[in-house]
Amino acid sequence: MADTLNIQDRTGEKNLVFRRMLVAMLLVCLMVIALVARLFYLQVVLHDHYVTKSTDNRVQVQPLTPTRGLIYDRNGVLLADNLPSHNLLLVMERVENLPDTLQQLRSLIEISEWEEERFETRLKRSRRPFQPVVLKEQLTETEIARIAANRYFLDGVEVDATLIRRYPYESTFAHVLGYVGKINESELRKIDSSLYAGTIQIGKNGLEKTYEQDLLGEPGARMVETNAKGRILRTLENEASKPGVDLKLYLDLELQQFAEKELEGRRGAIVAIDPKTGGILALTSNPSFNPNLFVTGISTEDYAVLRDSKDVPFLNRATRGLYPPASTIKMFLGLGALESGVTTWDYRVPDPGYYILPNDEDVRKRDWKEGGHKDFVTLSDAIIESCDTYFYDLAFRMKLENMNDALDKFGFGRDTTKDVHNVRKGINPNREWKKQRYGLSWFAGDSLNVGIGQGYILASPLQVAIATMTLVNEGQWKVASLVQDTSKKLKIQLEPNLPKSMALGNEHWQKMKDAMRGVVHSSKGTARGTGFDSPFQIAGKTGTAQVFSIAQDETYKAEDIEERLRDHAWFTGFAPFEDPEIVVTVFVENGEHGSAMGRIARRIMENWILREQK
Amino acid sequence: MFQEYVRSLPDLDLHGKPPLSYRLHVDMPLLFLLVVLSVGGLFILYSASGGNVAIVEKQAMHMGLGFLVMFIGAQFDPRTYARWGLGAYGIGVVLLISVLVMGKTGKGAQRWLDLPGLPAFQPSEIMKIAVPIALAWYLTREPLPPKFKHIFAALSGLGVPFALILKQPDLGTSLLIAISGVFVIFLAGLRWRLIFGFSSIILSMIPVMWLFVMHPYQKQRVLTFLNPESDQFGSGWNIIQSKTAIGSGGFEGKGYMQGTQSQLDFLPESHTDFIIAVLAEEMGFIGAALLISVYLAITIRGMLICIRARDSFGRLLAGSLTLTFFIYVFVNIGMVSGILPVVGVPLPLISYGGTSIVTLLASFGLIMSVSTHQKI
């Protein structure tokens, strides 16, 4: 009986387990279906999506950086070159312990605090996986060797070579060429990032900025297969980059260096233009700075020194320094007066050493020469001797509108250059301008000031040089340019908005040039020292711009005045007289008198004209 | 109806001469399936390890050892195991405690025990076998279904190793051991209302576990499972890469040793826990489905052995070990394909790893013992 019960129990138990097993079987089947369905979903339904993902994983497109276009002077001398530079990079995905790695690197090479700070900021920016972060640039040979020797202990540390901009003549061309630097955040927003794939530098200033599109070139691309550690296994596809276009300039290295030397120790600018082409031969501003500092990023200390200097080395005085053009303006106003019929070559003005406004005796203007030049001054005399009284009279009778019009035809108040970066237009004043700027009406006294190139009128040395060139070319405009591009192959094609030409008979131009020759070569000329014993004839005009005004009846002695309050000095001229090859404008802040500038201009002209090869 | 079905099952001829395999205590269908799986596993491992012969050789040696243990284990009558069960369980608990006291630390968890004169091993592996034996023995001392107090005692006996292994911490193993015990209790005939009762208690425990018991790394795994893209280069990397490997394999696969995800190291742990992704990438849906069929066949064979076992102890033991084996497969493939959170569970007989293979084949030794000891 007990045995039967036992057997019954056993059968019952067997059935119990069997029933439970059936339930388990059902669950197992459901789970298998779930797994198979999941695999089917991933492998068949979403197959395309995951194929793309897996390809993205292993295939990387590496941009091939184009070589930036080179810049040559007119004789083919390299002014902006590309040199290899070795950078120390960290691939963060492969660095196990950043502080340790940094500590190890510090023991091998010198890493400045500034470089570490910069590295920290770069670390925070977004980047692709395995995209390296720059720690130090421009490694020396020794540093490269030290890192190579310790390579096995430095996981994720890499050294790569890139080309960086190098300006072999440093400060000489800093203002005119500008410089390249790291692309900053605001530039990043403006540029077409596909063109800058792999490129880290961009033109910041000067020609480098103006011709950025041409100099940049076109990036290529390389498709590579990498493993998960970012190591390149093989190249799948290669599309070469297209280097940037090389620029050939009108600038002449020797003349530029010569001009820079002439300005040594002075604050000023020298502009030399070939009047036959408008090509700018020299464009110097002193003091200058070393543009190479900006290429890899200037340190804050270095930058502060330059920024805070009283001499403002960052200011391109030739193109952005605005000064009263002073007496250099007299030819242009004289020609304007002839065009509008206000004066003739025979018209004479008495010069007692001052001028009194006919309708307001209270306005009395001194001539720079005490006691006046002579009883009766003609236009020629007024140019040669730089007579202010004549031009007070001329300004009074010419009226503002005619003066404004004449100056406009010589490019004052305008940008008439083709490709000089960021020039300032200066001020060719008129009634509306004064109303807008000062909320005041135009007074007769204002006109008198403009008549001698003082008061509201402001111009840059480059503008004075261009006006002189236009005079040489008898009113015909030649566009001042830096880059030689006669076949117009460049992408950047700039055309300035030129004013109307002055319509005057040939004899007027000739007489004005004769008068300018008198400035240098006649016994009464204000720059008579300049022309002595010259191998060719020079024509020019001096100018002396007041930095601070002196009351009507006072005289002053230069040595009593602090250096920075002394007059600015101008000379603008051309040579050889018969067939001008060069226009030179010299400007020196607080240089006191234009005759000294004349001698500088003569040496520059000699350098150019007497040279065999140009 | 069930009774009739069970009676109709072909009984072994207990009077005639039993076949050779029976006398050798080898279950031929099960052996065949296990060998197929192991050999296939070595081929997958060769590709997954990037053609590393040394790893494959080592794995083959582990398999050889495992099959030897299985063969020896099958020779003993299940009743012998029933006698040893409680002792093995007791030793296991002592070893687990000593692991916590003096164990070796690896990958942030104390799992290994390095006793003098013995190779380093994980005591939790012992428990994978000892727990089902001990519970099956305990519950079959009295007629099934078990009484509530016995169930309570069984659950308490299960709770001790679970807690000790969880403490190491090794969530995956502790859960699998718990599941193997739960299977014993389930097969023993735990009443459905108790099953639902316990289930709801466990469900309501989840928030408590989350707040007080789980380690931050475990919580991170769950969060990553819910949204792997939230940290795609960190904790989400593994699962994103394994899904990409599986998905890009497509229906036919990229070809043996041609998987870019696995061969170019994008897939982490490709020769251990994530090895199914290598198979799925290189052999496609067909390969993965084939592998799952082999696992299913082994599971069904184990279930048959369970049903046809001589006594309830054998049934509970073989049933629990078989179902636990299947759970390994499900959890591993589920986590690699992104339907379960990542817990460190190897793919049986495919993933590289010595201890787990030997333990697993040892458990099949027990199943074979049940299968080939039918005489009363």
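Residues numbered from 1 in each chain as written. Chains lettered and ligands numbered in written order. Predicted model: local features only at pLDDT ≥ 70, side-chain atom pairs only at ≥ 80, totals over all residues.

S.K.: Just give me the short version of the overall build of chain A, but keep the residues and values in it.
M.R.: Per the secondary structure count, chain A includes 22 helices and 17 strands. For chain A, the proportion of its 614 residues judged to be buried stands at 41%. (Helix = DSSP H or I, 4+ residues; strand = E, 2+ residues; numbered from the N terminus. Buried ≥ 20, exposed ≤ 12 C-beta atoms within 10 Å, placed from the backbone.)

S.K.: An account of the overall build of chain B is needed here, citing residue identities and associated values.
M.R.: In terms of regular secondary structure, chain B is built from 15 helices and 2 strands. Of all 376 residues assigned to chain B, the portion counted as buried reaches 48%. Pairs at least 24 apart in sequence give 71% of the contacts found in chain B among residues at least 6 apart. (Contact = placed C-beta atoms within 7 Å.)

S.K.: Any chance you could break down the sheet that holds strand β1 (residues 59-64) of chain A for me, citing the residues and the numbers?
M.R.: All names here are of chain A. As summarised here, the arrangement of the 3 strands in space is β1-β8-β9, forming an open sheet in which the pairing is antiparallel. For this open sheet the edge positions go to β1 and β9 (232-239), each flanked by a neighbour on one side alone. Neighbouring strand axes in the sheet, compared pairwise and without regard to direction, differ in orientation by 30° on average. As judged from the 6 bridges shared by strand β8 (residues 220-226) and β9, these two strands associate in the antiparallel manner. Opposite R222, over in β9, you have N238 as the bridge partner. (Pairing = 2+ DSSP bridges. Axes fitted to C-alpha atoms, helices over the stretch in contact; angles between N-to-C directions.)

S.K.: Which residues make up the environment of A60 of chain B, and what values go with them?
M.R.: All names here are of chain B. Note that A60 resides in helix α4 (residues 53-75). For A60, a count of 15 C-beta atoms within 10 Å puts it in the partly exposed group. Sequence spacing of A60 and L42 is 18 residues, and the spatial spacing of their C-alpha atoms is 7.2 Å.

S.K.: Can you explain the interface of chain A and chain B? Please cite residues and give values.
M.R.: Every contact between the two is made by 37 residues of chain A and, on the other side, 44 residues of chain B. No other element matches helix α1 (residues 2-45) of chain A, which puts 24 residues into the side of chain A that touches chain B.

S.K.: Lay out the packing of helix α16 (residues 388-409) of chain A against helix α18 (residues 444-451) of chain A in plain terms, naming residues and giving numbers.
M.R.: Residues and elements named next belong to chain A. In contact at an axis separation of 8 Å, α16 and α18 are set at 105° when each is read in the N-to-C sense. Our classification of the angle between α16 and α18 gives roughly perpendicular. Mapping the contact onto sequence places F391, Y392, L394, A395, F396, L400 and M403 in α16 and A444, S447, L448, V450 and G451 in α18. Split by residue class, the contact of α16 with α18 holds 10 nonpolar, 2 polar and no charged. (Parallel < 35°, antiparallel > 145°, perpendicular 65-115°, else oblique. Nonpolar A, V, L, I, M, F, W, Y, C, P; charged D, E, K, R; others polar.)

S.K.: Could you give me a rundown of the packing of helix α8 (residues 171-187) of chain B against helix α14 (residues 312-336) of chain B, with the residues and numbers involved?
M.R.: All names here are of chain B. Two elements in contact, α8 and α14, have axes separated by 8 Å at closest approach and are oriented at 140°. Taken together, the axis directions place α8 and α14 in an arrangement best described as oblique. Between α8 and α14 lies a crossing whose hand is right-handed. Here L176, I179, S180, F183, V184 and L187 of α8 come into contact with α14, specifically with R315, L316, G319, S320, L323, T324, I327 and Y328. Looking at the contact of α8 with α14, its residues break down into 9 nonpolar, 4 polar and 1 charged. (Left-handed = near helix turned anticlockwise from the far one by under 90°.)

S.K.: Now, about the pairing of β8 of chain A: what can you tell me, with residues and values included?
M.R.: All names here are of chain A. Pairing geometry for β1 and β8, over 6 bridges, is antiparallel. From the neighbouring strand, L64 faces β8, where its bridge partner is G220. Once β8 ends, the chain turns through 5 residues before running back antiparallel as β9, passing G230 with a positive phi of about 80°.

S.K.: Give me the confidence of the model for chain B: which residues, what numbers.
M.R.: Residue and element names in this part refer to chain B. Residue-level pLDDT values for chain B average 87, and 91% of them are 70 or greater. Element-level pLDDT for chain B is lowest in helix α1 (residues 2-8), with a mean of 56, against a maximum mean of 96 in helix α13 (residues 275-307). Note on the complex model: pTM 0.69, ipTM 0.91. (pLDDT = per-residue confidence, 0-100.)

S.K.: Break down the nonpolar core for me, citing the residues and quoting the values.
M.R.: The biggest cluster of nonpolar side chains holds 113 residues, and the ones touching the most others in it are V271, A272, L281 and I604 of chain A. Looking at this core, the element that brings in the most residues is α16 of chain A, giving 9 residues. Inspection of this core shows a minimum of three residues originating in each of domain 1 (61-248) and domain 2 (319-609) of chain A. Setting aside chain neighbours within four positions, we find A272 of chain A in contact with L255, A259, L281, A282, I582, V583, V584, I604 and W608 of chain A. I129, V278, M303 and I333 of chain B belong to the second-largest nonpolar core, a separate cluster that totals 112 residues. (Core = buried A, V, L, I, M, F, W, Y, C linked by C-beta atoms within 7 Å. Domains from an automatic or database assignment.)

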